[in-house]
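Analysis of the macromolecular model
So the chains spell out like this:
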Amino acid sequence: MKPLLIGPFSQLLPMTGLPLKGALKDEQLPIIENGGIVVSEGKIVAIGIFGDLKSNEVDIHQIEGKTVCLPGFVDSHTHICFAGNRARDYAFRNAGKSYLEIAKAGGGIWDTVTQTRKATQEELVAGIVSRSKTHLRNGLTTIEVKSGYGLSVDEELKMLRAIKLANEKVAATLVPTCLAAHMKPKDWNHQTEYLEEINTTLFPILKSENLAHRIDAFVEESAFSPAEIQPYFQKAKAMGFDITVHADQFTTGGSQVAVDFGAVSADHLEASTEKEIQLLAKSETIATALPGASLGLGCAYTPARRILDAGGALSIASDHNPGSAPMGDLLTQSSILGAFEKLSNTEVLAGITFRAAAALRLSDRGKLETGTWADFVIFPTDNYQDITYYQGQMKPSEVWKKGEPIHQND
Ligand code: NIG
Ligand code: FE
């Protein structure tokens with residue numbers, strides 16, 4: 001079969017030639033007018049001006065009308081494996097109830113743990129597949145998915161096996177992460193014993209069944225302290241897992257742990273001060289903003305502008321979960337974060353493409369260049385500025401994954 005030339009696109013944004021860290025101006029954004037992409041076996045073999053790529057050696061897939069094409073979006077932090085709904089928590093919060101009052105009324109993360117434990121593995125698979133399909137239509141071609149609503153060896157395994165099975169059923173790539181350290185499970189008296197059980201029993205199974213190569217923990221006063229999580233992360237690192245941290249959401253401390261362990265990313269950071277911003281900016285750890293959690297909780301945004309100006313790498317993710325971030329619309333959320341934090345279009349788009357891919361240690365996506373997967377999204381406009389301007393309401397006209405059109409709007 002001949003390689004396939006796809007185009008022409010009014011504007012093709014390859015998201016290449018941009019640094020991983022620091023502020024980005026829109027003048028730096030490479031734009032190929034009337035661009036084309038040549039694909040073979042799911043990967044990009046050439047990219048450039050459509051007319052220059054035409055030859056007898058390629059078949060052509062003609063794109064009509066005004067179009068902006070850019071890499072498929074990467075959501076580097078979600079919790080889309082869950083059962084149930086926490087609308088009651090949302091109403092309680094908006095009625096001014098405290099975290100403690102909500103927990104006492106049976107709400108909070110533990111409520112979702114209870115509901116997720118009741119669900120079968122098949123029900124969890126169906127939920128992940130359905131949410132992933134919605135995300136795919138919105139342009140997300142790679143989606144990280146955490147466990148963390150099981151909080152026992154068997155229940156975490158049920159979640160991670162469900163994520164693995166769902167990955168085989170959806171066109172998007174799902175990247176699993178073990179978040180067994182999401183909160184202290186209420187059915188364990190000794191929390192350190194719980195973490196040890198996860199270390200010694202669950203971690204080897206994650207390896208043998210190839211269920212996850214990433215370990216996350218919620219480092220927070222209401223979850224695990226830096227001291228409690230240290231031996232846990234030490235063992236995870238020694239076994240070769242990548243580390244990622246729910247850090248500085250309400251109180252600081254988590255980002256220091258993330259940097260100390262050389263974590264791939266530190267996520268949340270709404271409470272980070274100048275000290276944590278400098279710490280992250282000097283490190284290799286990607287700072288991940290989660291505007292969906294700020295919108296869901298009515299809290300401050302991650303100081304994204306200051307992180308970028310300090311020289312940090314900024315990913316933007318949805319945190320899609322039933323408690324703090326039920327909306328789950330990455331493009332809407334990142335556009336809104338851009339408006340509040342004064343981010344350039346290039347910084348927003350970098351945060352949901354190659355910088356988000358780097359937060360998952362993936363270099364084969366998030367950019368359109370020779371050798372990367374042909375994962376791309378097409379918007380029905382000839383001006384890329386429209387993408388953030390419509391704050392997620394302009395939907396992709398097409399989404400392609402590994403060189404195949406997997407979604408087309410009517
Ligand atoms: O990232 N902060 C901790 N975990 C999730 C919330 C999960 C939930 O409320 O169910 C978060 O926001
Ligand atoms: Fe989260």
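Higher on the page you've got the structure.
Structural notes, computed from the coordinates. (Residues numbered from 1 in each chain as written. Chains lettered and ligands numbered in written order. Predicted model: local features only at pLDDT ≥ 70, side-chain atom pairs only at ≥ 80, totals over all residues. Heavy atoms only, no water.)

1. Some thoughts on the site of ligand 1
Rule in force here: One heavy atom within 4 Å of a molecule or strand is enough for the residue carrying it to be called near that molecule or strand. Under this definition, polar contacts are N or O atom pairs within 3.5 Å; protein pairs additionally need one hydrogen-donor-capable and one acceptor-capable atom, and for neighbouring residues in sequence, both atoms have to be side-chain atoms. The Shrake-Rupley method, run with a 1.4 Å probe, gives the accessible areas here. Residue values count only the displayed protein chains as cover.
Not every one of the 14 residues close to ligand 1 is listed here, only the nearest: Tyr149, His182, Gln249, Asp319 and Ser324. Take His79: an N or O atom from its side chain is 3.4 Å from an oxygen atom of ligand 1. Tyr149 has a polar side-chain atom sitting 2.6 Å from an oxygen atom of ligand 1. Burial of ligand 1 by the protein chains amounts to 95% of its free accessible area of 330 Å².

2. Overview of unusual backbone geometry
What counts, and what does not: Starting at the N terminus, helices and strands are each numbered in turn, a helix being any DSSP run of H or I of at least four residues and a strand any DSSP run of E of at least two.
That bond from Gly7 to Pro8 is cis: its omega, 0°, falls within 30 degrees of zero. For Pro8, the location among the structural elements is in strand β1 (residues 4–12). One non-glycine residue with positive phi stands out, namely Leu269, at about 65°. Among the secondary structure elements, Leu269 is positioned in the loop between β11 (265–268) and α10 (274–281).

3. Topic: the nonpolar core
The condition that has to hold: Put simply, a nonpolar core is a bunch of buried Ala, Val, Leu, Ile, Met, Phe, Trp, Tyr and Cys residues held in one set by side-chain atoms that sit within 4.5 Å of each other. A simple rule labels every residue: compare its accessible area, found with a 1.4 Å probe on the protein chains alone, to the largest value its type can have, and call it buried under 20%, exposed over 50%, or partly exposed in between. Any pair of residues with heavy atoms lying within 4.5 Å of one another is described as a contacting pair.
Formed by 94 residues in total, the largest nonpolar core has its most connected members in Leu206, Ile215, Ile229, Tyr232 and Phe233. Among the elements that make up this core, the one with the highest residue count is helix α6 (residues 153–169) (seven residues). Sequence-distant contacts of Phe233, defined by excluding residues within four places in its chain, comprise Ile215, Asp216, Ala217, Ile243, Thr244, Val245, Val257 and Phe261.

4. Points about the coordination of the iron ion (ligand 2)
For the record, the criterion: Donor atoms: N, O and S within 2.8 Å of the metal, or within 3.2 Å for Na, K and Ca. Because water is excluded, sites can look incomplete.
For the iron ion (ligand 2), the full set of protein donor atoms is His77 (NE2), His79 (NE2), His246 (NE2) and Asp319 (OD), and the range of their distances to it is 2.1 to 2.3 Å. The sequence pattern describing where the donors of the iron ion (ligand 2) fall on their chain is H-x1-H-x166-H-x72-D. Note that His77 is positioned in the loop between β6 (73–75) and α2 (87–94) and His246 in strand β10 (residues 242–247), a separation of 169 residues in sequence.

5. Some remarks on helix α8 (residues 226–238)
Which entries qualify depends on this criterion: A helix is expected to reach a length of 1.5 Å times the quantity of its residues less one.
The first and last C-alpha atoms of α8 sit 18 Å apart over 13 residues, in line with the 18 Å expected at 1.5 Å per residue. The set of residues buried in α8 consists of Ile229, Tyr232, Phe233 and Ala236. Its buried side turned inward, α8 meets β8 (173–181), α7 (191–208), β9 (214–218), β10 and α9 (254–260). The first or second residue beyond α8 is Gly240, which carries a positive phi of 90°.

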